[in-house]
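Close look at the chain arrangement
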Amino acid sequence: MTRERVSDMSKFKMIAERMKEFRKNSGLSQANIACFLGVDQSLISKAENGERSLSVEMLEKLAALYGVSMLAFEEDTLPINPLKFALRAGELTTADMEAVSAINRIALNSEFMADLLAGEQR
Amino acid sequence: MICTSDIMTKSIQLRTKLGEDANSPIDIFALAQDIEQLTIVYYPMGENLSGICLKGAAGNNVISINSSMTVGRQRFSLAHELYHLYFDKNMTAVCAQKIGVGQETEKEADLFASYFLMPAAALQTKVEMLKAKNDSNDLSIYDVIRLEQYFQVSHQAAVIRLRQDKLLNADAADAMISKGVRRLAESIGYSTELYKPLPVEKQYMTYGNYIDQAEQVLKRGLVSDGKYEELLLTAFRSDLVYGDNEEGEEIID
């Protein structure tokens, strides 16, 4: 196995672990996520076990739902402030999760622009 | 345990901080627009959620309000989210629509919203005036409508508060809370805007910090025109990208 291959494998494992952690921290179920992404729950289960991978589009949707950048799936440390829902997982609809994602995208962009503006001032 | 007097104090503290007196009805949307580094997003969230508050690491905060709810309720939701922004140590809050239920912080935020929009002393004075005018000890449904119109809150928020302050008894409150009041309000001369959601075309909108940030990054050459447009479109501001679709020229008067 080449070195690159090893690093790909560990990245793959890392994404799987992060997916599971983000979901648990936000109090969502695998069923919630499956519904949100429009896929079968077994795919989510396999993805979290590192047996299958999700498409980049799906990961992007998940990142927006959790309010993190795509890079957060590959980073060692978890973001400090996981998103908390005031609703129980069973009550949460796909529309609710889409609303949260839409607002998270705006919040992430706002941070991105703040970083650009702060970078220019330095 | 929720400490009501603590919440009351906080509501007055924030009014003062934002340049309002302790008693007058407030235009909360205009007030929020003036808060630095705050972005306000109107988004139709459906039936479960009322609002979202996200605090950014560098102090760039976002509050979103469910724009498919009535204007009166949106004002209450905004006050509720301001509690999360200023007094909740958690960085994110996704809030459910039911008033007065859920976790402790949610109940606190609801109580705060009620006092922020309807300060205790002002409400008391108004109620006394109505009672004196009617020469009665009980508030009628029309009185409750006058109060909610004066403070610009939803009918539910008004009834819940009046009951809680023992200005309405439980039976009267129960009878009034689920009553549709739009027609009644109309019949005594009020506009019904308070009881309606925003028009559908205005339900997706972003104001405040974000728009300013987008202009700044473009002006300083930190992003391309394409990226600037993408930033605005993500925030539902196609009007700024493709131009205004409102008819007629601006009237300067």
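All values derive from a computational prediction rather than experimental measurement.

Calculation rules
- Within each chain, residue numbers correspond to sequence positions counted from 1 in written order.
- Here chains are named by letter from A upward and ligands by number from 1 upward, in the order in which they appear as written.
- Whole-chain, interface and lining totals are the exception, using all residues; otherwise, since this is a predicted model, local features are given only for residues with pLDDT of at least 70 and side-chain atom pairs are given and counted only at 80 or more.
- Hydrogen atoms and water are omitted, and side-chain values are computed over all heavy atoms in the structure.
- On a scale of 0 to 100, pLDDT captures the predictor's confidence in every residue.
- Under the DSSP-based scheme used, a helix requires at least four consecutive residues in state H or I and a strand at least two consecutive residues in state E, with every element numbered from the N terminus.
- Should any heavy atoms of two residues lie within 4.5 Å, those residues are considered in contact.
- The quantity reported as buried area is the accessible area (1.4 Å probe) lost by two parts once they are put together, taken as the sum for both.
- Within this document, salt bridges are pairs made up of a side-chain nitrogen of Lys or Arg and a carboxyl oxygen of Asp or Glu, the two lying within 4 Å of each other.
- In this classification, Asp, Glu, Lys and Arg are treated as charged, Ala, Val, Leu, Ile, Met, Phe, Trp, Tyr, Cys and Pro as nonpolar, and every other residue, Gly included, as polar.
- By nonpolar core we mean a set of buried residues, namely Ala, Val, Leu, Ile, Met, Phe, Trp, Tyr and Cys, connected to one another through side-chain atoms within 4.5 Å.
- Using a 1.4 Å probe on the protein chains alone, a residue whose accessible area is under 20% of its type maximum counts as buried, one over 50% counts as exposed, and one in between counts as partly exposed.
- Where each domain begins and ends follows an automated or database-derived domain assignment.
- Criterion used throughout: strands pair if DSSP finds at least two bridges between them.
- Every axis corresponds to a line fitted to the C-alpha atoms, with the helix fit spanning only the stretch in contact, and the corresponding angles, defined between N-to-C directions, vary from 0 to 180 degrees.

Residues shown with low pLDDT carry predicted positions that ought not to be read at fine detail. Chain-level statistics for chain A give a pLDDT mean of 84 and a share of 80% at 70 or above. The spread of mean pLDDT over the elements of chain A runs between helix α1 (residues 3-25) of chain A, the lowest at 78, and helix α3 (residues 41-48) of chain A, the highest at 94.

This part is about the interface of chain A and chain B. Counting residues at the interface gives 29 residues for chain A, matched by 37 residues for chain B. Of the roughly 2700 Å² buried between chain A and chain B, counting both surfaces, carbon and sulfur atoms make up 70%. Across the chain A-chain B interface, the total number found is zero salt bridges. Looking at the side of chain A that touches chain B residue by residue, the class counts come to 16 nonpolar, six polar and seven charged.

A separate point is the nonpolar core. In terms of nonpolar packing, the biggest core is built from 55 residues, with F116(B) and L162(B) touching the most fellow members. Domain assignment of the residues forming this core places at least three in each of domain 1 (4-117 + 197-202) and domain 2 (120-195) of chain B. Leaving out residues up to four positions away in the same chain, F116(B) has contacts with S11(B), L14(B), R15(B), L18(B), I26(B), I28(B), L31(B), A79(B) and L82(B). Core analysis: the next-biggest nonpolar cluster, separate from the first, contains 50 residues, F36(A), L62(A), V41(B) and Y228(B) among them.

Sheet strands pair via backbone hydrogen bonds, and the direction of the pair is either parallel or antiparallel. All names here are of chain B. Taken together, five strands build an open sheet; the order of strands is β4-β2-β3-β1-β5 and the sheet is mixed. Only two strands of the sheet have a single partner each, and these edge strands are β4 (92-96) and β5 (205-208). With direction set aside, neighbouring strand axes in the sheet form an average angle of 10 degrees. Of the strands in this sheet, β1 (38-43), β2 (49-55), β3 (61-66) and β4 are in contact with helix α3 (residues 71-87), which crosses β3 at around 155 degrees.

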